[in-house]
Amino acid sequence: MTGNAPTTETPPPQWELAVPILEFHEVSFKGAGETSIRMNKFSATIRSGELVEVELERQHNPRDLVSMMLGLNPPDAGEVLYNRQDWLGIDYARHFQMRSEIGRVFAGSAWIQSLTLRDNIHLAMRHHGVAETDAEEKVEHWIQRLSGHQLAKVKWALKKRPSVVEPSVLALCQLIRAMANHPRLLILERPLRFMLESLYDNFVAAIDDLRASGTAVLFFAGDRDEYRLEFRSPVSSWRIINGTMNTNGRRRP
Amino acid sequence: MFRSSVLTLHLVRLAVARATGWAWHWTGSVGELFFDRFGRLSAIASVLWASLALASHPRSWTYAVRNVFSKQVLFTAVDAIPAALRFGGAVGVLLIVQAAMWIDAAGVSTDVIAPILWRSIVREIAPMLACLVVIGRSGIAISTELATMRANGEVEVIDSLGIDPMTFLVMPRVLAVMISVFCLAIITAVTMVVTGYAVGFMMDAIHASWNEFYGEIAGNFELSDLTFFLSKTMVAGGFAGAICCLEGVNARGSMTDVPRIASRAGIRALTAVFAVSAILSILFYNKILVFQFG
C-alpha cells in the first residue's frame, strides 16, 4: 500500500482484533501415545471471544495435547503462549496463576476421588482465594444455568464422591467447575460425551455468554452431532489430518 | 621358543584386557550405584527443604491446604494414639522386666537404673517406636494414595486447576508426619514409663514409690534430652514423610504397580529412619551437637 491511496481490502472482522489468548508459534508435538494428537510446526491464535472447534475421530485423545497447551508437558519444538506469556522457566507461581484462569473439561479422569463433588468443584476457587460465599454463588448460578431437569440429581451428587455418580451428572459437574470462576480460556475435551441431548441448548447458550464476556473457547468435539451445534459466530475450525492438527478447517459463516 | 613367548605374551595381554574390562565394569557399577543413591538422597533432601520453605510462606496455607493438613494430622497422629499406647505399654513392660533383672543381677539400686532407662526411652526407643507406628499406619497409606492419584491422572487434574501439587499434596503430608512422630513419641515415652512402673511395682521389681521414681526421672532430665528428642523425631519423621510422598508422586505405570510402590516406600522409609537415628546418635554421643548447647 502506498501513500493515501484508497484500498479495496476489507477491514479484518472485529474479533480478529481481539486480544490473543492462546498462541502457537511453529509448535511441534508428538505426544505420549498412538492416540495422541500431533502438531507439526503448527501456528495459530485463539483470541478473546473466539470459538475454535476441532472435530475428533473416535481414536483421538486430546488429553496430552491440552496438557502441553497448559505447560504441563513441553512441546518438542516451538512456543505456546497464554495471554502473551510463555510456560518456560521456573517461575512456577506465575504458571499456576496462569492455569487458574483456564477452565478445562477433561476427557477421561477428571476428579480427585477422595473429595466430594462439591469439594472438587470448589477446590480451585478456594485455593486461589475466592471467598466462600462468592464461590458458592458462582457455583449455584452455573448449576441452575446448565442442569435443566437434572437439577435435583446434580444437587444430590454434590454431596457424593465422584465414583458413585453417574457419568451424565459428572459431565455437567465438569462444565460447572470449568465455567464457575469465569475463565479467560475454556478448553473442552469431548464435553458432551455423556451429556443428555436435552441439555445441549443450555450448553450452547452458556458458552456463547462466556464468549460474549471475552472467554476464548477451544472445543474438541467428540462426534458430528457435537460438531453441528449452533454457536454464535465467529466460529473457526481446525482439522486433524492423519493425526496432526491443521488450521485448514472450514469457517462457519 | 619364539612361538611360546609370543603365545605367553598374547595370554598376558588377554588376561590384562579381561582384568581391565572387569575393573572398568566394576568401577562403572560402583559409580552408577553411588550416583543412584546420591540422586535419591538429594531428591529426599529437596522435598524436605521445599516442604519447609513452602510451609514458612503464609500464602501457601490456603483453605484447601489447611484442610489436607488437618485431615492428615487427624489420621496420622490422633487416630494412631491407641496404637502408640499399645506399643508403648508393651515395650514399657519389656524394659522394666529387663531392668529388674539387671538390678537383681548387678545388685544396683533404682536410682542407678532409672536414668539409663529414661535416656534410652527418650533418646532411642520412643522416637523409633513412634516412627514405626507412623510409617506402618500412615506412611504406606500416603504413598498408596499418591501413587493411585498419579496413576489415575488426578495429579494432572490438580496441576491443570492451577494448584501446585507440591503445596497441596506433599507439603501438608510431610509436615503432618513430622508433627505426628513428635507427638506420638511423647505419648509413647510417657506410656512406657507409667506402664513400666505400674507393672514393675506390681511384680515387686520396683520398690520405690511413684514420687521417688518420677523424681529420679525428672531430676535426670536435661536440655540435651529435649534437643535430642526434638531433633530425632522431627528429622526422622521428615525423612519418613518425604520418602513416602516421593515414592507415591514419582509412581509410573498403572494401578497394578501401586502395591509394589507402597511396600517399597515403607521399606525405604524404615531404612531411612534407622539410618537417620543411627547417624544422629553417633553425632550426639560424640559430643558434636548436644553438649554445645548444655
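All values derive from a computational prediction rather than experimental measurement.

**Student:** Honestly, the overall build of chain B in this entry has me stumped. Any pointers?
**Tutor:** The number of helices and strands found in chain B is ten helices and zero strands. Listed by position from the N terminus, the elements making up chain B come as α-α-α-α-α-α-α-α-α-α. The C-alpha extent of chain B, read off along each of the three principal axes, is 90 × 65 × 40 Å. For chain B, the residues scored as buried account for 38% of the 294 residues in total. If you take every contact in chain B between residues at least 6 apart in sequence, the share linking residues at least 24 apart comes to 89%.

**Student:** Sorry if this is basic, but what is going on with the overall build of chain A here?
**Tutor:** Regarding its fold elements, chain A presents eight helices and ten strands. Burial analysis of chain A (253 residues in total) assigns 40% to the buried set. Residue pairs in contact within chain A that sit at least 24 positions apart in sequence constitute 73% of those at least 6 positions apart.

**Student:** Which parts of the structure should I look at to understand unusual backbone geometry?
**Tutor:** Excluding glycine, a negative phi dihedral is what most residues carry, and trans is how most peptide bonds are arranged. Residues and elements named next belong to chain A. Residue P234 follows S233 across a cis peptide bond; omega there is 5°. Unusually for a residue other than glycine, R84 sits at a positive phi of about 65°. One can find R84 in the loop between strand 4 (77–82) and strand 5 (85–86). If you check the backbone angles, N242 has positive phi at about 50° while not being a glycine. Tracing the backbone through its elements, the reader meets N242 in the loop between strand 9 (235–241) and strand 10 (244–246).

**Student:** Can you walk me through helix 6 (residues 167–180) of chain A in this structure?
**Tutor:** Residues that lie three or four places apart on an α-helix share one face, since the helix turns once every 3.6 residues. Residues and elements named next belong to chain A. If you check helix 6, its first and last C-alpha atoms are 20 Å apart, about what 14 residues at 1.5 Å a residue would give, namely 20 Å. Of all 14 residues in helix 6, twelve are buried, a share of seventy percent or more. Of all the residues in helix 6, the buried ones are V169, L170, A171, L172, C173, Q174, L175, I176, R177, A178, M179 and A180. As for helix 6, its buried residues are in contact with strand 6 (102–105), helix 3 (117–127), helix 4 (132–147), helix 5 (151–157), strand 7 (185–189) and helix 7 (200–212). Immediately beyond the C-terminal end of helix 6, within one or two residues, lies H182, with a positive phi of roughly 45°.

**Student:** It is not clear to me how the sheet that holds strand 4 of chain A should be interpreted in this structure. Could you clarify?
**Tutor:** All names here are of chain A. The four strands lie next to each other as 2-1-4-5, forming an open sheet whose pairing is antiparallel. Pairing within the sheet leaves two strands with one partner each, and these edge strands are strand 2 (39–47) and strand 5. Bridge analysis of strand 1 (residues 20–29) against strand 2 gives six bridges, and the strand direction is antiparallel. The residue of strand 2 that forms the bridge with V27 is F42.

**Student:** Looking at this model, I keep getting lost on the sheet that holds strand 8 (residues 216–221) of chain A. Mind explaining?
**Tutor:** Pairing between the strands of a sheet comes from backbone hydrogen bonds, and it takes one of two forms, parallel or antiparallel. Residue and element names in this part refer to chain A. The six strands lie next to each other as 6-7-8-3-9-10, forming an open sheet whose pairing is mixed. Two strands bound the open sheet, and with one partner strand each, they are strand 6 and strand 10. Along the sheet, successive strands turn relative to each other by an average axial angle of 15°, direction set aside. The pairing of strand 3 (residues 51–55) with strand 8 spans five bridges and is classified as parallel. Opposite V52, over in strand 8, you have L218 as the bridge partner. Relative to strand 6, helix 6 is tilted by about 170°, and along the sheet it contacts strand 6 and strand 7.

**Student:** Even after reading the chapter, I still don't get the interface of chain B and chain A, so can you show me in this structure?
**Tutor:** Size of an interface: often given as the accessible area lost when the parts come together. Between chain B and chain A, the contact holds 15 residues from the first and 21 residues from the second. Of all the secondary-structure elements, those providing two or more residues to the side of chain B that touches chain A are helix 2 (63–78) and helix 5 (154–160) of chain B. It is helix 5 of chain B that contributes the most residues to the side of chain B that touches chain A, six residues altogether. Across the side of chain B that touches chain A, the residue classes break down as six nonpolar, five polar and four charged.

**Student:** Whenever I open this one, the pairing of strand 8 of chain A confuses me. Can you help?
**Tutor:** All names here are of chain A. Counting buried positions over the six residues of strand 8 gives six, a clear majority of the element. Bridge analysis of strand 7 against strand 8 gives five bridges, and the strand direction is parallel. For I187, the partnering residue across the bridge sits in strand 8 and is L218.

**Student:** Before we go on, may I ask you to explain helix 3 of chain A in this structure?
**Tutor:** For helix 3 of chain A, a buried count of nine out of eleven residues is recorded, marking the element as mostly surrounded by other parts of the structure. Within the span of helix 3 of chain A, buried status applies to L117(A), N120(A), I121(A), H122(A), L123(A), A124(A), M125(A), R126(A) and H127(A). Against the buried residues of helix 3 of chain A lie helix 2 (92–100), helix 4, helix 5 and helix 6 of chain A together with helix 2 of chain B. Immediately beyond the C-terminal end of helix 3 of chain A, within one or two residues, lies G129(A), with a positive phi of roughly 85°.

**Student:** Sorry, what's going on with the packing of helix 8 (residues 223–249) of chain B against helix 9 (residues 258–285) of chain B here?
**Tutor:** When two helices pack together, their arrangement is given by the angle between the helix axes and the distance between those axes. Residue and element names in this part refer to chain B. Contact pair helix 8 / helix 9: the axes reach a minimum separation of 9 Å and the direction vectors enclose 155°. Considered as vectors, helix 8 and helix 9 are oriented roughly antiparallel to each other. For the pair helix 8 and helix 9, the sense of crossing is right-handed. Of the residues in helix 9, those in contact with F228, S231, K232, V235, A236, F239, A240, I243, C244, E247 and G248 of helix 8 are I261, R264, A265, R268, A269, A272, V273, V276, S277, L280 and F284. A per-class count over the contact of helix 8 with helix 9 returns 15 nonpolar, three polar and four charged.

**Student:** Help me out: how do you make sense of the nonpolar core in this one?
**Tutor:** In this structure, I176(A), A130(B), C131(B), V134(B), V174(B), L184(B) and A240(B) are the most contacted members of the largest nonpolar core, which totals 144 residues. Among the elements that make up this core, the one with the highest residue count is helix 4 (residues 110–151) of chain B (20 residues). The residues contacting L184(B), other than those within four sequence positions of it, are A77(B), A80(B), A84(B), A130(B), V133(B) and V134(B).

**Student:** Just checking my understanding: could you explain the environment of V133(B) for this structure?
**Tutor:** For V133(B), the position within the fold is in helix 4. Apart from the residues lying within four places of it in its own chain, the contact partners of V133(B) are A80(B), A83(B), A84(B), F87(B) and L184(B).

Reading the values: the criteria
Residues take numbers from 1 onward in each chain, read along the sequence in its written order. Lettering of chains starts at A and numbering of ligands starts at 1, both following the order in which they are written. Only residues with pLDDT of 70 or above have their local features reported here, since the model is predicted, and side-chain atom pairs are shown and tallied only from 80 upward, although totals for entire chains, interfaces and linings are computed over all residues. Secondary structure counts use DSSP, requiring at least four H or I residues in a row for a helix and at least two E residues in a row for a strand, with both numbered from the N terminus. Burial is judged by counting other C-beta atoms within 10 Å of a residue's own C-beta: 20 or more means buried, 12 or fewer means exposed, and anything between counts as partly exposed, with every C-beta placed from the backbone. The contact rule is simple: place each C-beta atom from the backbone, and if two of them lie within 7 Å, those residues are in contact. Helix span, expected: 1.5 Å multiplied by one less than the number of residues in the helix. One requirement defines pairing of two strands: DSSP has to find at least two bridges between them. Angles here are taken between N-to-C directions and fall from 0 to 180 degrees, while the axes themselves are lines fitted to C-alpha atoms, restricted in helices to the stretch in contact. Put simply, Ala, Val, Leu, Ile, Met, Phe, Trp, Tyr, Cys and Pro go in the nonpolar bin, Asp, Glu, Lys and Arg in the charged bin, and everything else, Gly too, in the polar bin. Any angle between 65 and 115 degrees counts as roughly perpendicular, while under 35 counts as roughly parallel, over 145 as roughly antiparallel, and the rest as oblique. Should the near helix be turned anticlockwise from the far one by less than a right angle, the crossing is termed left-handed; should it be turned clockwise, right-handed. Buried Ala, Val, Leu, Ile, Met, Phe, Trp, Tyr and Cys residues whose C-beta atoms connect them within 7 Å together make up a nonpolar core.

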